[in-house]
Amino acid sequence: MSHAHAAGLQQFKNQVGLKFQLYNSLFTALPFHRIERTGILLSLLLTNCEDGFRKNMSPTEILEDFFKRHTGFHSEQEQLDLLFRFVQYAERQIVLFDALEDASFREVNDMQGIGTIKQLINDAVGSAKQKELIDKLSDYEIRLVLTAHPTQFYPGSVLGIINDLAKALAENNTAQINTYLQQLGKTPFLKRQKPTPFDEAVSLIWYLENVFYAAAGKIFASIKNALDLDPLNTPPMIRMGFWPGGDRDGNPFVTTETTLKVAAALRGSIIKCYYLDVRKLKRRLTFKGVDHLLAALEQKLYDNIFIPGYTTSLTQEEILNALQEIRNILIYQHNGLFVQQVESLIGRVQLFGLHFASLDVRQDSSMHHKVLQTLKNKEEKLNFELLPDFKVNDALIAEESIVKDTLETMKAIRSIQQMNGEAGCHRYIISQCQSADQVLEVMQLFHISGWEPSELNIDIVPLFETIDDLTHAGDIMRQLYEHPLYATHLKRRKKKQTIMLGFSDGTKDGGYLMANWSIYKAKEALTQLSRQYEVDVIFFDGRGGPPARGGGKTHKFYASMGKNISNKEIQLTVQGQTVSSNFGTTDAAQYNMEQLLSAGISNDLFTGGRKEFSEAEEMLIQELSEKSYESYIALKEHPYFMQYLVETSPLRFYSDTNIASRPTKRGTSTRLELKDLRAIPYVGAWSQLKQNVTGYYGLGTALQQMDAAGKFSMVQDLYRQSLFIKTLIDNCEMAMKKCYFPLTAYMADHPVYGVIWNMIFEEYELTKKYILKLSGKKELMEDYPVDALSVQMRERIVLPLITIQQFALAQYRAMQESRKKNELLPVYEKLIIRSSFGIINAARNSA
């Protein structure tokens with residue numbers, strides 16, 4: 001273990017492990033009904049779970065034994081009441097653990113170590129490459145796109161408590177901590193109603209205001225200061241994107257009105273941030289010549305926030321001009337006093353403009369086709385200049401509301417650009433994009449909605465998701481690059497083409513290894529093709545929290561990309577829990593953004609350029625991927641596979657958790673079909689089963705077959721030499737570390753589920769055996785001791801919850817199978833849903 005790892009581990013034990021034991025004891029002293037007894041009984045249940053699973057007992061047997069030995073409860077209702085109290089207690093333990101990790105972030109992580117901007121600049125200075133670094137930064141940026149995908153179970157009120165609790169914990173303010181824990185005890189975790197898309201937007205705007213505004217501003221200022229860059233003309237290297245209110249793919253609740261309302265909220269929010277900063281500056285800049293300029297700017301910002309009708313009377317340029325005038329007066333008349341504070345605000349205005357984050361619009365490709373069909377049906381003479389061979393199909397007609405919303409949304413983009421600047425909304429993403437015509441259909445709809453081709457300042461972004469889509473992506477883009485009208489459009493967009501690649505659906509479709517390798521190869525092919533047509537291609541990765549959805553050690557993936565892959569920008573979605581776990585505090589956000597910035601630069605500058613795979617290595621990875629894919633498909637196509645997932649996990653209850661505005665599945669059928677199921681509930685269900693199939697399945701079989709063919713030493717060489725393969729395996733280990741098969745071992749002999757359970761368990765054991773053989777380690781995640789201990793502690797807190805959930809699922813199944821009316825059936829259903837919250841929150845990147 002390295003010195004840095006050892007130091008971080010010791011800090012984690014002191015700042016998180018010990019403090020958790022200490023402050024956890026405060027819970028039992030809180031003045032709530034029967035809380036002391038609840039806390040004591042929960043610790044007894046944890047011991048019962050650990051002992052019971054060691055003895056191969058089922059969750060039902062463990063809980064029956066617990067009630068018999070430790071309680072006097074005989075009625076089912078009394079027992080259920082206690083289980084609900086356990087769920088509430090454990091949820092609050094998880095909040096305490098989250099807050100402790102947030103509070104200790106700076107102590108546990110080296111804020112000036114590998115992957116940070118400080119280290120990057122030191123390396124550049126040490127190797128006399130400052131000029132190369134400055135050149136690279138002038139044409140490089142990262143874009144973090146916040147999405148409202150349903151993986152965040154904490155309501156806003158609880159997120160606020162976590163934030164305040166973390167500050168009190170960092171200061172060891174016991175009295176304050178005790179007060180916040182009392183508040184936590186009184187604050188409901190349950191959302192009574194589904195959030196609206198606007199509610200989701202407001203939740204994420206909180207992070208923009210309270211975290212990203214400060215963190216991105218600090219990074220931008222530190223880079224400019226350290227490299228002595230022009231404070232007024234350095235291009236922004238960090239951009240924020242935003243999906244809530246713009247993403248209507250499968251979400252019927254997002255309307256044009258929502259989109260406009262969210263754009264206005266983003267504008268109002270960033271102006272409020274500037275207003276508060278100007279107020280702080282006023283306390284320092286009390287000098288002659290600048291005070292009246294600052295007061296005038298303050299008044300303009302105030303009017304834009306509080307007086308209706310002022311929304312178009314302020315521009316980014318106007319704010320910058322005022323601040324630059326103030327800066328010049330400070331330099332030439334006041335010896336540069338407080339000029340850094342003014343330059344810091346200038347930097348933030350450069351980063352965030354009047355839009356704060358760019359609002360992306362996204363819709364499923366099939367909807368555009370239906371809208372055009374409907375329009376053509378209404379008016380046969382309607383001319384589609386981009387689609388001369390368009391054929392009418394009466395079966396594909398869109399609802400009038402969809403037609404209206406599609407065209408009005410395209411018109412609304414113009415209004416948003418006028419209000420927030422072009423950066424406010426300039427991308428239209430096409431989900432399930434499977435042909436060049438589907439891109440041209442969107443262009444056609446923009447023309448119909450009133451945009452002249454010569455003024456269409458919108459980037460049209462195809463999203464390729466399944467393994468099949470990724471394979472055909474190159475052909476689709478070639479057709480577009482050669483289409484005269486699309487080529488003209490690209491020329492107006494400075495020959496930049498953004499392409500989105502979906503990790504989540506790719507993994508659901510083809511398994512972990514095949515999805516990641518297919519995306520890597522698609523990026524290579526699309527880069528080569530785009531270079532042929534002199535187009536700058538930018539990849540936008542649709543990543544989720546867990547490795548199964550492109551998450552995990554994300555920055556290492558970007559550091560591992562070969563030189564045959566475009567590297568001008570890193571763009572990725574930041575979803576649900578990943579927002580709060582990786583970017584929940586200013587320290588965490590700054591650290592993780594710096595890691596991403598550094599990942600795309602350091603390889604080019606300091607390791608002799610990015611490496612590409614040799615032909616033999618590519619063939620080896622392809623063979624591994626294919627063998628892994630075959631194994632995953634065999635599981636997925638088993639006739640009992642979907643039944644197993646629906647019946648043994650909380651999948652069917654996802655839509656009842658009230659965590660998101662959009663449905664669990666695409667399509668309108670009442671039956672859950674794998675093809676319609678969204679990746680988030682699919683991955684999340686495996687996570688709550690503690691089987692995490694999508695994070696490793698097929699890899700063990702593939703490695704075993706390579707071993708049998710005498711190729712294992714070649715795979716070992718590849719693992720040692722390739723950061724891409726090493727990162728894939730590291731992330732796989734994280735997914736496996738969160739598995740716990742004793743929870744569901746009672747299914748091993750089940751007449752229906754047994755065959756699936758055994759297939760998954762055997763593949764897990766095989767994968768673990770071969771990963772450890774590959775790495776030469778004794779334990780999973782041995783290279784990440786802090787992360788491993790965090791997972792271990794979280795999994796222990798959550799063990800009673802997953803036991804309760806499996807018990808409730810077993811009771812629910814039994815009641816349904818008996819077909820007798822039982823008044824407790826909805827109570828068990830509620831218990832399953834309530835357990836989900838804590839289980840998902842504890843995992844931090846589980847869906």
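Residues numbered from 1 in each chain as written. Predicted model: local features only at pLDDT ≥ 70, side-chain atom pairs only at ≥ 80, totals over all residues. Heavy atoms only, no water.

K.L.:
Account for the overall build of the protein chain, with residues named and values stated.
P.N.:
Scanning the protein chain from N- to C-terminus turns up 33 helices and nine strands. Relative to the compact-globule value of 29 Å for 847 residues, the protein chain shows a C-alpha radius of gyration of 27 Å, a close match. With respect to the three principal axes, the spread of C-alpha positions in the protein chain is 80 × 70 × 55 Å. In the protein chain, which comprises 847 residues, the proportion classed as buried is 60%. Once local pairs closer than 6 in sequence are excluded, the contacts in the protein chain between residues at least 24 apart make up 81%. (Helix = DSSP H or I, 4+ residues; strand = E, 2+ residues; numbered from the N terminus. Rg over C-alpha atoms; globule rule 2.2 N^0.38 Å. Buried < 20%, exposed > 50% of the residue type's maximum accessible area, 1.4 Å probe, protein only. Contact = heavy atoms within 4.5 Å.)

K.L.:
Any details on the packing of aromatic side chains? Residues and values, ideally.
P.N.:
Counted under the stated rule, the structure contains 40 aromatic pairs. Centroid distance F12 to F97: 6.5 Å. Interplanar angle 65°. Geometry classified as edge-to-face. A residue pair is termed long-range when its members are at least 10 positions apart, and F12 in helix α1 (residues 3-27) and F97 in helix α4 (residues 76-103) qualify at 85 residues. Residue classification places F97 among the buried residues on the basis of a relative accessible area of 0%. Between F384 and F390, the ring centres sit 5.1 Å apart and the planes meet at 80°, which makes this aromatic pair edge-to-face. Owing to a relative accessible area of 3%, F384 belongs among the buried residues under this scheme. Since its relative accessible area comes to 14%, F390 is described here as buried. (Phe/Tyr/Trp six-rings, centres within 6.5 Å; stacked < 30°, edge-to-face > 60°.)

K.L.:
How would you sum up helix α26 (residues 641-648)? Please name residues and give values.
P.N.:
Of all eight residues that make up α26, six are buried, and the element is covered over most of its length. Among all positions in α26, only F641, M642, Y644, L645, V646 and T648 are buried.

K.L.:
I'd like a description of the environment of G353, backed by residues and values.
P.N.:
As for its position among the elements, G353 is in the loop between α14 (339-352) and β3 (358-359). According to the relative accessible area criterion, G353 is buried, its value standing at 0%. A sequence separation of 33 residues divides G353 from L320, and the C-alpha atoms of the two residues are 9.4 Å apart. Setting aside its immediate chain neighbours within four residues, G353 contacts I270, Y274, Q316 and R348.

K.L.:
So, the packing of helix α18 (residues 467-482) against helix α19 (residues 484-492): which residues are in play, and what are the values?
P.N.:
Remark: α18 packs on α19, axes separated minimally by 5 Å, with the N-to-C direction vectors making an angle of 85°. Here α18 lies roughly perpendicular to α19, going by the angle between them. Contacts between α18 and α19 involve L480, Y481 and E482 from the first element and P484, Y486, A487 and L490 from the second. Considering only residue class, the contact of α18 with α19 consists of six nonpolar, no polar and one charged. (Axes fitted to C-alpha atoms, helices over the stretch in contact; angles between N-to-C directions. Parallel < 35°, antiparallel > 145°, perpendicular 65-115°, else oblique. Nonpolar A, V, L, I, M, F, W, Y, C, P; charged D, E, K, R; others polar.)

K.L.:
Describe the sheet that holds strand β2 (residues 238-242), naming the residues involved and giving the relevant values.
P.N.:
Sheet strands line up and pair through hydrogen bonds in the backbone, either parallel or antiparallel. One open sheet accounts for nine strands, arranged β3-β2-β1-β9-β8-β7-β6-β5-β4; its pairing is parallel. Edge positions in the open sheet fall to β3 and β4 (361-364), since each of these has one partner strand only. As judged from the seven bridges shared by strand β7 (residues 496-502) and strand β8 (residues 536-542), these two strands associate in the parallel manner. In the strand pairing of β8, M500 is matched with F540. Strands in contact with helix α15 (residues 365-378) are β4 and β5 (427-431); relative to β4, the strand with the most contacts, it is inclined by about 75°. Of the strands in this sheet, β6 (459-464) and β7 are in contact with α18, which crosses β6 at around 155°. (Pairing = 2+ DSSP bridges.)

K.L.:
Pulling in residues and values, what's your account of unusual backbone geometry?
P.N.:
The phi dihedral of N56 falls on the positive side, at around 65°, and the residue is not glycine. In the Ramachandran plot, F356 falls in the positive-phi region, its phi being about 65° despite a non-glycine side chain. Note that F356 resides in the loop between α14 and β3.

K.L.:
Lay out the nonpolar core in plain terms, naming residues and giving numbers.
P.N.:
Ranked by internal contacts, the top residues of the largest apolar core, which has 257 residues, are L208, F242, Y274, M593 and I760. Examining the composition of this core, we find that 15 residues originate from one element, α4, more than from any other. Counting residues in hydrophobic clusters, the runner-up holds seven residues, among them W243, V461, M500 and F540. (Core = buried A, V, L, I, M, F, W, Y, C linked by side-chain atoms within 4.5 Å.)

K.L.:
With reference to specific residues and values, describe the confidence of the model for the protein chain.
P.N.:
Overall, the prediction assigns the protein chain a mean pLDDT of 89, with 93% of residues at 70 or greater. Confidence, read as mean pLDDT per element, is least for helix α20 (residues 503-510) in the protein chain (69) and greatest for β3 (98). For residues 545-551, every residue scores under 50 in pLDDT, and the model assigns this stretch 40 contacts once sequence neighbours within four places are set aside. The model gives residues 658-672 a pLDDT under 50, and that stretch makes 58 contacts with residues more than four places away or in other chains. (pLDDT = per-residue confidence, 0-100.)

K.L.:
Report on the packing of helix α8 (residues 156-170) against helix α9 (residues 174-186), specifying residues and quantitative values.
P.N.:
To describe two helices that pack against each other, one gives the angle between their axes and the distance between the axes. Across the interface, α8 lies against α9 with an axial gap of 9 Å and an inter-helix angle of 165°. Between α8 and α9, the angle falls in the class roughly antiparallel. By crossing handedness, the relation of α8 to α9 is classed as left-handed. Across from V158, I161, D164, L165, A168 and L169 in α8, the residues of α9 making contact are Q176, I177, Y180, L181, Q183 and L184. In terms of residue class, the contact of α8 with α9 is made up of nine nonpolar, two polar and one charged. (Left-handed = near helix turned anticlockwise from the far one by under 90°.)

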